[in-house]
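One-letter residues, chain by chain:
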Amino acid sequence: MSYTLPELPYAHDALEPHFDAETMSIHHSRHHQAYVTKLNAAIEGTDAEGEDLQTIMRNISKYSPAVRNNGGGHYNHSLFWEILSPTPKTAPTGKLAEEIDKVFGSLDAFKEQFKQAGATQFGSGWAWLFVKYNGTIAVSSTANQDNPLMDTNVTNQGFPILGLDVWEHAYYLKCQNKRPDYIDAFWSVLDWSAVEKKYEEAIAKI
């Protein structure tokens, strides 16, 4: 089985003015496509060929650096596109809202902790909200294309439900070196209904 680039459920310019059309086009059709192409080349003829991507992530220590980097790139970006929307639900409700209040104190306090994780991630990486295997939620950051699903993350492991790409390719055309501005813009296109769905799916797996 070969992996394929998922289609965006919105146009490249649909997230303007928060995420610009040129960045979205390059990010999706070039950067993400490159991860898919290289992942398919890395798994060809190995026991990862035909394996579910989430299963590969959870057992990533078994695989080559090429599978880790490109599989992570494919998984992370696929999740990222799914939680963005030109008409987003702007705040969580229900069980996820209750859990955010319980763990962080408030939605604003969560946003501050998440922004700190993303802004201070050295070099390229991601900021995450994820569900731990004990059912609680937490914020973390990872380098490069790693994610909380990977078994190489000993202290911050679980199911990602919200991820933000903080590689420079995600924001440099619009924000230059101002990563915090990009993180602030992210909240205007984050669809909490998609995050809530991923939260429910994660809880069901525990």
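Residues numbered from 1 in each chain as written. Predicted model: local features only at pLDDT ≥ 70, side-chain atom pairs only at ≥ 80, totals over all residues. Heavy atoms only, no water.

Draft legend 1. A look at the environment of S25. Relative to the elements of secondary structure, S25 occurs in helix α1 (residues 21-43). On a C-alpha basis, the gap between S25 and Y10 in space is 11 Å, while along the polypeptide they are 15 residues apart. Among residues more than four places away in sequence, those in contact with S25 are H12 and R30. (Helix = DSSP H or I, 4+ residues; strand = E, 2+ residues; numbered from the N terminus. Contact = heavy atoms within 4.5 Å.)

Draft legend 2. Fine view of the packing of helix α4 (residues 94-104) against helix α8 (residues 192-205). Where α4 meets α8, the axes come as close as 9 Å, and the angle between the chain directions of the two elements is 85 degrees. Accordingly, the angle class assigned to the pair α4 and α8 is roughly perpendicular. Seen from α4, the contacting residues are K95, L96, E99 and I100; seen from α8, they are W192, V195, E196, Y199 and E200. Its residues assigned to classes, the contact of α4 with α8 comprises five nonpolar, no polar and four charged. (Axes fitted to C-alpha atoms, helices over the stretch in contact; angles between N-to-C directions. Parallel < 35°, antiparallel > 145°, perpendicular 65-115°, else oblique. Nonpolar A, V, L, I, M, F, W, Y, C, P; charged D, E, K, R; others polar.)

Draft legend 3. Up close: the pairing of strand β1 (residues 125-132). Within β1, seven of the eight residues are buried, which leaves the element mostly enclosed by the surrounding structure. With seven bridges joining them, β1 and strand β2 (residues 137-143) adopt antiparallel strand pairing. Counterpart to G125 in the pairing with β2 is A143. Joining the antiparallel neighbours β1 and β2 is a turn of four residues, in which G135 adopts a positive phi near 95 degrees. (Buried < 20%, exposed > 50% of the residue type's maximum accessible area, 1.4 Å probe, protein only. Pairing = 2+ DSSP bridges.)

Draft legend 4. Molecular detail of the pattern of salt bridges. According to the stated counting rule, one finds four salt bridges in the structure shown. With a shortest N-O distance of 2.6 Å, D146 and R68 are connected by a salt bridge. Here D146, found in the loop between β2 and β3 (158-165), pairs with R68, found in helix α3 (residues 65-82); they are 78 residues apart in sequence, far enough to count as distant. For D146, a relative accessible area of 10% puts it in the buried group. (Salt bridge = Lys/Arg side-chain N within 4 Å of Asp/Glu carboxyl O.)

Draft legend 5. Inspection of unusual backbone geometry at higher detail. Omega for the peptide link from E16 to P17 comes to 0 degrees, which places this bond in the cis form. Secondary-structure assignment places P17 in the segment before α1. The residue N144 is not glycine, and still its phi comes out positive at about 55 degrees. Mapped onto the elements of the fold, N144 is located in the loop between β2 and β3. You can call N144 partly exposed: its relative accessible area is 41%. Its identity is not glycine, yet Q176 carries a phi of approximately 55 degrees, on the positive side. Relative to the assigned elements, Q176 resides in the loop between α6 (172-175) and α7 (179-186).

Draft legend 6. Geometry of the sheet that holds β3. One open sheet holds the three strands; their spatial order is β2-β1-β3, and the pairing between them is antiparallel. Every other strand in the sheet has two partners, leaving β2 and β3 as the edge strands with one partner each. Strand after strand, the sheet turns through a mean of 30 degrees between neighbouring axes, direction not considered. When β1 meets β3, the two strands line up antiparallel, connected through seven bridges. Paired with W128 across the bridge in β3 is G163.

Draft legend 7. Seen up close, α4. What α4 keeps buried is the set L96, A97, E99, I100 and F104. Down the axis of α4, the buried side of the element spans an arc of 160 degrees, and every buried residue falls inside it. Away from its buried face, by an angle of more than 90 degrees, α4 presents the exposed residues K95, E98 and K102. Each element contacted by the buried residues of α4 is listed here: α5 (107-120), β1, β2, β3 and α8. One or two positions beyond α4, positive phi appears at G105, with a value near 100 degrees. (Arc of directions from axis to C-beta.)

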